[in-house]
Amino acid sequence: MAAFWLAAPVALAAEGVIGRFGTRAVLLVGGMITAVALMLIAWVHDAASLFALRFLMGCGKSLMAVAITVTLVARHGTRSSLAVAVALCGWHFGGVWAVPLIEHAARTAGWRNAALLGGATIGFVTVVISQLIRPVSDRARPGAERICADHPTRRLRLWSLHICTLCLYSAYGALVSHFTPFLSDAHLPAVTVAHCMQAVAFAAIVGVLSGGVLAQIV
């Protein structure tokens, strides 16, 4: 889990890639990186390979998150907070329904087959969705010149936002990384652990949507 979250800084380099290739291509590449890395986990036999593949999955997720956010901001401008919140809730919503499904697949067919199933699902959905979303170029974003202007105060705010975000996700990653082992050490069955992870995902949905609504209003 820590390897997954350590890939978050890849998002900082995604803007230049989107400006060159567009949001659809970045979304498709990010989704396929995540899908292929997850499927390759089925053939892992050592910890180093597992960590490397989890890092690649995080890179793919970062690319997808940036592409989705840029697309929505281009469509809705400065009033895009709720739209972004709804879109990013997709990961948490997936945790609500997919965690028990994958847990059942791992218990009945083995965790390697569960990894193949999860990767194939992500790959299929990514291909379909990327074709349905109208691509948005970096130059089409409203207010991009104002946001990215080379102004000392704005640069300071931007870097402060980067640093605070990295600190936030470091703490969040540490919490999530220890959550499942903590429950397992308490001798809870795998099904109960899966339900607890569902509860975390549901809480994230409530938090993200509430934050999006608040930002939309303010």
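Residues numbered from 1 in each chain as written. Predicted model: local features only at pLDDT ≥ 70, side-chain atom pairs only at ≥ 80, totals over all residues. Heavy atoms only, no water.

## Regarding the side chain of Glu103
So, step 1. With respect to the element layout, Glu103 can be found in helix H5 (residues 81-109).
So, step 2. For Glu103, a relative accessible area of 14% puts it in the buried group.
So, step 3. A distance of 2.9 Å separates the side chain of Glu103 from the side chain of Arg107, its partner in a polar contact. (Helix = DSSP H or I, 4+ residues; strand = E, 2+ residues; numbered from the N terminus. Buried < 20%, exposed > 50% of the residue type's maximum accessible area, 1.4 Å probe, protein only. Polar contact = N/O pair within 3.5 Å; in protein donor to acceptor, adjacent residues only side chain to side chain.)

## As for the state of the cysteines
Each disulfide consists of one covalent bond between the sulfur atoms belonging to two cysteines.
So, step 1. Following the criterion strictly, the structure yields 0 disulfides and no others.
So, step 2. Not part of a disulfide, Cys59 finds its nearest cysteine sulfur in Cys167, a span of 20 Å. (Disulfide = S-S within 2.5 Å.)

## Brief notes about the packing of helix H3 (residues 23-40) against helix H6 (residues 111-132)
Axes are the key here: two packed helices are described by the angle between their axes and the distance separating the axes.
So, step 1. Contact geometry of H3 with H6 gives a least axis separation of 7 Å together with a crossing angle of 170°. Judged by the angle between their axes, H3 and H6 are roughly antiparallel. Along its contact with H3, which presents Arg24, Leu27, Leu28, Gly31, Met32, Thr34, Ala35, Leu38 and Met39, the element H6 presents Ala115, Leu116, Gly118, Gly119, Ala120, Ile122, Gly123, Thr126, Val127, Ser130 and Gln131.
So, step 2. Residue composition of the contact of H3 with H6, grouped by class: 11 nonpolar, 8 polar and 1 charged. (Axes fitted to C-alpha atoms, helices over the stretch in contact; angles between N-to-C directions. Parallel < 35°, antiparallel > 145°, perpendicular 65-115°, else oblique. Contact = heavy atoms within 4.5 Å. Nonpolar A, V, L, I, M, F, W, Y, C, P; charged D, E, K, R; others polar.)

## Section: the confidence of the model for the chain
Parts of the prediction with low pLDDT should not have their coordinates interpreted in detail.
So, step 1. For the chain, the average pLDDT comes to 84, and 91% of its residues sit at 70 or higher.
So, step 2. By mean pLDDT, the top-scoring element of the chain is H3 (93), and the lowest-scoring one is helix H7 (residues 144-147) (46).
So, step 3. Note on residues 138-147: pLDDT under 50 across the span, and 11 contacts to partners over four residues away in sequence or across chains. (pLDDT = per-residue confidence, 0-100.)

## Digging into a nonpolar patch on the surface
So, step 1. A grouping of Leu82, Val86, Leu209, Val213, Leu214, Ile217 and Val218 is seen on the molecular surface, where their side chains present a nonpolar patch of about 650 Å² in accessible area.
So, step 2. Element by element, the count of residues in the nonpolar patch is highest for helix H9 (residues 190-217), at 4 residues.
So, step 3. One can find Ile217 in helix H9.
So, step 4. In this structure Ile217 comes out as exposed when scored by relative accessible area, which is 62%. (Patch = residues over 30% accessible without salt bridge, like charges linked within 9 Å, V, L, I, M, F, W, Y side chains within 5 Å. Areas by Shrake-Rupley, 256 points an atom, 1.4 Å probe, with all protein chains shown as cover. Salt bridge = Lys/Arg side-chain N within 4 Å of Asp/Glu carboxyl O.)

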